[in-house]
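Results of the structural survey
One-letter residues, chain by chain:
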Amino acid sequence: LFLHDPASDELWSCATQGPGDSKITLRLPVKQSLTGRVFRTHQPLCVKDSLTEEEFFLTAVVVNGFLPRSMLMAPVLKSPGQCIGVVQVLDQQVNAFDADDLALLEAIATQVAITLDNARLYEAQKRQFASFVRAFSAALDARDPLTAIHSINVANYAMGIGYFLGLASEELEWLRMAGLLHDVGKIGVREGVLTKPGQLSDEEMNQMRQHASYSFRILSQIEFTDEYRGMDHVAAAHHERLDGSGYPRGLSDGQISFKARILAVADVFDAMTQDRHYRKGMSMEQALAEVDRMTPHQLDGDCVVALKRFLGRGG
Ligand SMILES: [Fe+2]
C-alpha cells in the first residue's frame, strides 16, 4: 500500500508484505513511476511485463532486491476525485494477473479507502481527547503550578506501576490520562487554601479534601468512550485507603478498583517527594519508608512492589 506524501509529491510504502525487505520504506516519484501513473490518472493498471514499460521505476528494485515483472495496481480513492494512494500486487513472473484479479484489487482498494478514513477519524478523536486533557492541565497549572507538576509525575509513576504489573499499553495510556486528570478538582478549591504557605487548619483541610469530589463532578461531565470509561470514578478515589480511612467516601478494600489503587500509590509517593507550599519534599528513601509504613493496610502491596521496581528499588 502506497500513500501520497503531498509535501514531496511522492508515494511512500505505508504497508508491505511478501519477499524482499518489507521494512524498507520505498518512495516513488508521482511523475515518473507506474504507481504514480495510477495515482495521477485514478485508473487501475495491469502490467504484463514491467521491463517493457517506460515508466517502470528501477530504483525501487535496487532498494529491496525484488524485481516485479507483473504488476497489478488500483487507486485508493477517498472520494471520486480525490486519490490518496495506490494499492498494488506484484509477481516475479510475467503475465501473472488477469482482468478478474484487477477487479478484485479494485474492490480491495475501496475497502482500504474506507479503513484509512476510519483510522484517520479515530486518530483525530484521540488527539482531540488528548488536547482536552492538556487544556484541563493548563487550567490547573494557571491556578497552582505545583499541582501541574504533580499531575505529570503521578501520570508517569502510575504508568510505571502499571508496566511492572504487566498491564497492556492501552491500560498504561489510560493510567497516564487518569494521572493527568486526577487532581483537576483542585480548580474548585479556593486559592487561599490551595497555595497557603503554612499548615492548613482543619476547616481548610476539609476544603482541600473536597477536590477529590470536585474531580468526580468535573470528569463525570465528560462522555468518555469505552476506552476511557470509569476515569471519573478512579480519579475521585485516589485518596481512598484500603482500611477505609481515606476520603471522600471512606471506601474500603473490595470497593476500591485496581486502577484507583495504582493511582493512590503514585499520588501519595509523589506528594511526599515534592515540595509543597507549606513544607519541603522528602527524599525518595524517606518517602518509600513512609509508603511501606502505609502498606498493606492502606496501600495495595502489589502496587507498592511495582513502584519500587519502577524506581529501581527492589526486585
Ligand atoms: Fe489529590
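The structure this text deals with has already been given above.
Residues numbered from 1 in each chain as written. Predicted model: local features only at pLDDT ≥ 70, side-chain atom pairs only at ≥ 80, totals over all residues. Heavy atoms only, no water.

**Thoughts on the overall build of the protein**
Along the protein, the regular secondary structure elements total 11 helices and six strands. Rg of the C-alpha trace for the protein: 28 Å, well past the compact-globule value of 20 Å for 315 residues, more than 25% over. C-alpha extents for the protein along the principal axes are approximately 85 × 40 × 35 Å. When the 315 residues of the protein are sorted by exposure, 43% land in the buried category. (Helix = DSSP H or I, 4+ residues; strand = E, 2+ residues; numbered from the N terminus. Rg over C-alpha atoms; globule rule 2.2 N^0.38 Å. Buried < 20%, exposed > 50% of the residue type's maximum accessible area, 1.4 Å probe, protein only.)

**Some points on the packing of helix H4 (residues 145-164) against helix H11 (residues 301-310)**
Close contact between H4 and H11 brings their axes to 8 Å; oriented N to C, the two are set at 105°. The orientation of H4 with respect to H11, classified from their angle, is roughly perpendicular. Seen from H4, the contacting residues are Asn156, Tyr157, Gly160, Ile161 and Phe164; seen from H11, they are Cys303, Ala306, Leu307, Arg309 and Phe310. Partitioned by chemical class, the residues of the contact of H4 with H11 number seven nonpolar, two polar and one charged. (Axes fitted to C-alpha atoms, helices over the stretch in contact; angles between N-to-C directions. Parallel < 35°, antiparallel > 145°, perpendicular 65-115°, else oblique. Contact = heavy atoms within 4.5 Å. Nonpolar A, V, L, I, M, F, W, Y, C, P; charged D, E, K, R; others polar.)

**Some remarks on the coordination of the iron ion**
Protein-derived ligands of the iron ion are Asp183 (OD), His211 (NE2), His238 (NE2) and His239 (NE2), with the metal-ligand distances lying across 2.1 to 2.4 Å. Mapped onto the sequence, the residues coordinating the iron ion show the spacing D-x27-H-x26-H-H. For His239, a relative accessible area of 14% gives the class buried. (Donors = N, O, S within 2.8 Å, 3.2 Å for Na, K, Ca; no water.)

**Digging into H11**
Residues of H11 that are buried: Cys303, Val304, Ala306 and Leu307. Along H11, the residues classed as buried sweep out an arc of 160° about the axis, all on the same side. Looking at the buried positions of H11, the neighbouring elements they touch are H4, helix H9 (258-273) and helix H10 (284-293). You can read the cap of H11 off the contacts: a side-chain oxygen lies 2.9 Å from the backbone nitrogen of Asp302, and it is on Asp300. Positive phi appears at Gly312, one or two residues downstream of H11, with a value of about 75°. (Arc of directions from axis to C-beta. Polar contact = N/O pair within 3.5 Å; in protein donor to acceptor, adjacent residues only side chain to side chain.)

**Quick notes on unusual backbone geometry**
Residue Tyr247 is joined to Pro248 through a cis peptide bond whose omega torsion reads 5°. Of note, Pro248 is situated in the loop between helix H8 (231-236) and H9. Notably, Asp9 is not glycine yet its phi reads approximately 50°, a positive angle. Among the structural elements, Asp9 can be located in the loop between strand S1 (2-5) and strand S2 (10-13). Its identity is not glycine, yet His42 carries a phi of approximately 65°, on the positive side. Within the secondary structure, His42 sits in the loop between helix H1 (34-41) and strand S4 (45-47).

**With respect to H1**
Within H1, the full set of buried residues consists of Leu34, Thr35, Gly36, Val38 and Phe39. Residues of H1 that are buried make contact with S1, S2, strand S3 (27-29), S4, strand S5 (70-79) and strand S6 (82-91). The positive-phi residue at the C-terminal boundary of H1 is His42, with phi of around 65°.

**With respect to the side chain of Gln207**
With respect to the element layout, Gln207 can be found in helix H7 (residues 202-219). At 2.8 Å, the side chain of Gln207 forms a polar contact with the side chain of Glu203. Excluding its chain neighbours within four sequence positions, the residues that come into contact with Gln207 are Val189, Arg190 and Val193.

**Section: the packing of aromatic side chains**
In this structure the tally under the stated criterion is five aromatic pairs. Where Tyr157 meets Phe310, the ring centres are 6.4 Å apart and the plane angle is 85°; that geometry is what we call edge-to-face. Highlighted residues: Tyr157 in helix H4 and Phe310 in helix H11, separated in sequence by 153 residues. Taking relative accessible area as the criterion, Tyr157 reaches 16% and is therefore assigned buried. (Phe/Tyr/Trp six-rings, centres within 6.5 Å; stacked < 30°, edge-to-face > 60°.)

**Notes on the sheet that holds S4**
Spatially, the six strands line up as an open sheet ordered S3-S2-S1-S6-S5-S4, and their pairing is antiparallel. On the outer flanks of this sheet lie S3 and S4, each paired with one strand and no other. Between one strand and the next, the sheet's axes are offset by a mean angle of 25°, whatever the strand orientation. With three bridges joining them, S4 and S5 adopt antiparallel strand pairing. Bridge assignment links Cys46 to a residue of S5, and that residue is Leu72. Running over the sheet, helix H3 (residues 99-143) touches S1, S4, S5 and S6 and is turned about 40° from S5. (Pairing = 2+ DSSP bridges.)

**So, the pairing of S6**
The pairing of S1 with S6 spans two bridges and is classified as antiparallel. Residue pairing for S6: Leu3 is matched across the bridge by Gly85. The sheet contact formed by S5 and S6 spans nine bridges and is antiparallel. Counted as the bridge partner of Ser70 is Asp91 from S6.

Keep in mind these values describe shape, not function.
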